[in-house]
Amino acid sequence: MRSQKSPGVVGVLSLITCICAFYMTTAIDIPLEVEQLPTITAQSPSSLIAFPFDESFPVTCEAKGNPEPEFRWTKNGQEFDPFLDPRLMKEENSGTFVIPNNGNITEYQGTYRCYASNKLGTAISMEIDFIVPHVPKFPKETLDPVEVEEGQPFTLECNPPKGIPPLQIYWMTINLQHIEQDERVSMGLNGDLYFSHAVEKDSRRDYCCFAAFPRIRTIVQKTAMSVIVRTKKSDMSPEAANAILERRPSLLTPSGVRSETQLVKGEDLKLECIAEGFPTPQVEWVKMGYQLPFKAKLENHGKLLILPRVEKEDSGKYMCKAKNTLGEAVHYFIVTVEEPPEWVVEPESQLSMIGSDVLIKCSANGTPQPAITWRVNGVPLQEAPAANRKMFRDTMVLHNAKASDSAVYQCEASNRHGNLLSNANIMIMNLPPMILTKEGEDYSAVEGKGIMMHCKVFSSPPSTVTWSKDDSSDSVEGPRFTVHDNGSLEIYSVVKDDMGQYTCLAKNTEGSSAIDAMLYVKDPTRIVVDPEDQQILIGTTAQLSCLAEYDKSFTNDFELLWEKDDMEIALNNTVNSSRYLVEDGILQIINVSHRDQGLYTCVARTPVDRDMASALLMVLDVPDAPDNLVLSEHKSKSVKLKWIPGDDHNSSTTEFIIGYEESQWEPGSWKELLRVPGNHNSAILKLHGHVDYRFRVSGVNAVGRGPPSEPTERYKTPPAAPDKNPENIKIEGHLPHEMDINWEPLLPIEHNGPGLEYKVSYRRQDMEEDWKEHMVKRHSFVVKNTPTFVPYEIKIQAKNHQGWGPEPKIVTGYSGEDFPSAAPDDVHVEVMNSSVVKVTWTHVHKDKLHGHLGGYRINWWRLRSLVDSKKSHGNKHALTFPGDWNHATISGLMPFSEYSLIVMTFNGRGNGPGSHPVNFKTPEGVPEKNPVFRVTDVQKHTVSLVWAPPIEPNGILTGYLLEHQLINDTEEMGPLQKVDISNPDTTKWLLRDLEPMSKYKFYLRSCTTVGCGPVVSEECTTTLETSEGHWKISEALNTSKTFHIIDGLEPGTEYTVRLIPNSRVENSSIFEDVITTRSTGLASIHGGITTQGWFIGLMCAIALLTLILLIACFVNRNKGGKYSVKEKEDLHPDVESQGMNDDTFCEYSDNDEKPLKGSQRSLSREIKAGDSGDSLVDYGDEDAQFNEDGSFIGEYAGRKEKRVSAEIKATVQTPA
């Protein structure tokens, strides 16, 4: 802070650290660091009652000032020091003392006033009346019975004790039963009980008056009073004895003709007139010259007039009039509404310059007019005279005020209804500007928003405040800048150029002072992706998204919060943490329930601004159960049901489902009765007779069906005749001379009463005859001895003990069917192609059908293949064509075959005779694919291929089409090379001139004169060098053997040994190894080794291990001889996992569309899955083997006893 001070005030300002600025007429708000007059900050109410149930009673007086005020008290105008009384509890630096509620505290009752003083002056509190209430009690007294003549008035006096208001009075019996009050008997405002005339029932001995004081929680009871009502003498006539003399009214209360009432504005005015007389008088009320106020109320049977919260205009003259048939009585009330003191001008604290004139004004209104009393520092003015102080009516003037005139001036206004006290702190001083705002404050503003930069100044006289920017001598100006009276600078619609350093300069006649502040302008916080309104199904997860942009300088201070219905969602709450998840601005609500519905607000907040966006989440659920089900309009077969729909949970109810349950046939089972639109809440229910119903309703909306309502009470309908007859009548003829009639029986609830039976009536339709009738209780009937398949008319009528059902409908049916007696004629077959023929025939006459035409059936079978002359009757096939057909198409025939077929018709009884067989032949087709196609030998430039002919050539085999092409690892194909093999007996081929170390794909198709069949393929990779050896295949080995001796090998030669399955469909080896036979020159060396002891021990260990292994294998075979999954994987490794050896790498694929790599599959599995007719079993029973050159010479078939073969390929090693 920078300041300039005049020398005369340096001493004063050295004591001041922080002062608030204000003008002469404003209230003084000076920080406590500054010397100032005392100010009362807290005091007890003017009336303090010591209720007996309170533990203690604090008498409060708190004040602020500098120096810190000291406190003193007066009690009833005399000095009172709480510190001298050890029973009182005190606090340091406080004027408050506490009176404990122990022992007798009546000595503390009185009027207290607090004085808070320091060296500058004294402030005083309002007077505080401390009231110690005594426990109210009725006096102990003996009351004589009240004796009264019947018909005379009398009064029971209560005279309640004095106590803390409010007072509540009750008249009851000794058993706490209220005394009944009416126009004759009533209680007055003073608590007395008035009887306008006595009757005999008023005689009783326990009239008790109870006085309740709720503020002190006390109820006291007066001694019970006895009333004796003397009746007329018994010697009088009954009429005279019961007669009460009539008399004109007179007032029991109030007495006299006129009374005056005074009350304070805001209180309730209560005026009462209680009269006696016979007949009982009626009371009327008027306001003389005016109508009764609109707010006026009459109570206590018109005897009490109440005007709540009276105003000045409610003053006036009121009259009550009590009258009966004999006359009237009146009373006038003069009502005056007075007012406690109210400030017209309350004196205010002021700060003035030395030498100025100070005016302190104090005036108040009230009824009666309040008296004004002035004090200075708590002392009456006359006891503290001052030459420059003058009084002019309601204004005090301090002329040419001096610093010594600084004081607390008190003005008190009082009348009989209360008083007002005001302390005015008058400070007289000259001070240069003191800026109370801290130097070097940093302010952050948001671009486009406003900012307030503070410069709080205190001075006398008031200072002029100006603001400048970036050390400029010019003050900031423009419509966007405003300097407020308190010195603050407000900038509207801040822009980036407003950023910089600002200086606040305060000046007055005593000096100047300045501070600097820095303004930073930030980018606004803005929500760029608002959450969207959602309708979410209950029990699911709701997701609300919110994305915001903000100034990057607030990276560590930015918050993204979520509120629900203006309440922040506390994510650290144990309950909420499991249901609410917030991540990357997305709020997820798990397992949504009804309480999650509401308005969700995303709040993006930085220290300087915020942005909000809201979305409404509506939870969808099935409708709640309807309630308040009511049955009305009860009739014999209908009733009206009404209900109140349940909450539809944000999805409109589309319909209501009304269900019923009956107690006789299926008790406890609810069934649907009716559906009504969702905008209905009632329905007329059509009912059956003799049923004990109850009903319930459930709502349906887009979410689903809601729970049912509570069921209604039961409603039982009377018995009635059936409403309907059986339906779904079926007439069938299972035998030629019978007719079976069946129908759907009435449901039990449809019986409408006991004794249900059915009358079955029938007659022939084609003849004039009477109805034949039978009564049955079951739901079927058989008509015997009917002609075969003739039409009948049938009707079925229901009946119970109440009568017959409605007239039934007539249905037509036929008697029993017989087998057709004729076959179709003129059966003709037209061959369409090698596998499809068209069959035509003529219809069977309806007279030969003997029933309803079911359709036609074609049976056919294969006689033989035209490839050989041997006939072999194939399986019979059939096709059924329902309806009246005369042609059909048969597909799926074998080409180049001879077939035979017949045609027959059928009805409900069965098939008729077949037509004469018709033989036909199908033309040649293309062959099936070859079952075997293998690579047997792979060299550098040649590959040997073998195959088996197709099982079904479908014609005369003319040869084969062999194709091959070069492929690479990227699956690209080289040009396709073709080889036409015209000899159909050829089953092997050697391809030459191939590229070394190249991958080829081979394709083979069998051909007839019609064309070539489907392709089979094989892949293989040629070797790098030509092998001088060739493969040799041993005889088949039995799987029970565990070794095989190969003899005839050359010494010093490398051989490749493979163990392969004998099934040609498998192209993988079980075992493969490369061995080298010993050279003859090494025999002596080996002979020398065999004589060594370590070698002999090693061989013995190996033999022992081998023996153990053989025993384990033997035990494993005896357990079932099955391989484990791991053993199978070891015996049949994947081709790709084996890698490529130096000799060959072959893969098999049975069509071109299958992958070229890793696609090896079992041929035996493919053949088994296909047509069994394609099996190679048809080739014969000879053994299937390959010669040493690899040619296929025998059968391809699986064996029950699996065999394997060993292949040996030798490569001659050249000696080094």
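Anything mentioned here points back to the structure above.
For clarity, every value in this text was computed on a predicted model and none was experimentally measured.

With respect to the element layout, Tyr960 can be found in strand E82 (residues 959-967). When its relative accessible area of 2% is taken as the criterion, Tyr960 is described as buried. C-alpha separation for the pair Tyr960 and Ser982, spaced 22 residues apart in sequence, amounts to 6.5 Å. One polar contact links the side chain of Tyr960 to the main-chain carbonyl oxygen of Pro984, over a distance of 3.3 Å.

Pairing within the open sheet is antiparallel, and its three strands lie in the order E58-E59-E62. Either end of the sheet is taken by a strand with one partner, and the two such strands are strand E58 (627-632) and strand E62 (682-686). The mean angle between the axes of side-by-side strands here comes to 25°, regardless of whether they run parallel or antiparallel. Pairing of E58 with strand E59 (residues 638-644), which is carried by four bridges, proceeds in the antiparallel orientation. Residue pairing in the sheet places Leu631 in a bridge with Leu641 of E59.

What the rule picks out here adds up to seven disulfides. Between the sulfur of Cys362 and that of Cys411 lies a disulfide, 1.8 Å long from S to S. On the sign convention where negative is left-handed, the bridge of Cys362 and Cys411, at about -70° about the S-S bond, is left-handed. Placement of the pair is Cys362 in the loop between strand E31 (358-361) and strand E32 (363-367) and Cys411 in strand E37 (residues 407-415), with a sequence separation of 49 residues. Put simply, Cys546 and Cys602 are joined by a disulfide, and their sulfur atoms are 2.0 Å apart. In this structure the cystine formed by Cys546 and Cys602 twists about its S-S bond by roughly -75°; its chirality is therefore left-handed. On the criterion of sequence distance, the pair formed by Cys546 in the loop between strand E50 (542-545) and strand E51 (547-549) and Cys602 in strand E56 (residues 598-605) is long-range, its members being 56 residues apart. By relative accessible area, Cys546 is classed as buried at 4%.

Moving on, we come to the pattern of salt bridges. Summed over the entire model, instances satisfying the criterion amount to 42 salt bridges. Residues Arg605 and Glu559 are paired through a salt bridge, measuring 2.8 Å at the closest nitrogen-oxygen approach. You can see Arg605 sitting in strand E56 and its partner Glu559 sitting in strand E52 (residues 559-564), a full 46 residues away along the chain. You can call Glu559 partly exposed: its relative accessible area is 35%. Note that Glu750 and Lys724 form a salt bridge whose closest N and O atoms lie 3.4 Å from each other. With Glu750 in the loop between strand E66 (738-744) and strand E67 (757-764) and Lys724 in the loop between strand E64 (715-716) and strand E65 (727-732), this pair connects stretches of sequence that are 26 residues apart. A relative accessible area of 12% places Glu750 in the buried class. For Lys724, a relative accessible area of 26% translates into the label partly exposed. Each of Arg113, Arg375 and Glu412 takes part in one network of salt bridges that share partners.

Thresholds applied
- Residues numbered from 1 in each chain as written.
- Predicted model: local features only at pLDDT ≥ 70, side-chain atom pairs only at ≥ 80, totals over all residues.
- Heavy atoms only, no water.
- Helix = DSSP H or I, 4+ residues; strand = E, 2+ residues; numbered from the N terminus.
- Buried < 20%, exposed > 50% of the residue type's maximum accessible area, 1.4 Å probe, protein only.
- Polar contact = N/O pair within 3.5 Å; in protein donor to acceptor, adjacent residues only side chain to side chain.
- Pairing = 2+ DSSP bridges.
- Axes fitted to C-alpha atoms, helices over the stretch in contact; angles between N-to-C directions.
- Disulfide = S-S within 2.5 Å.
- Salt bridge = Lys/Arg side-chain N within 4 Å of Asp/Glu carboxyl O.

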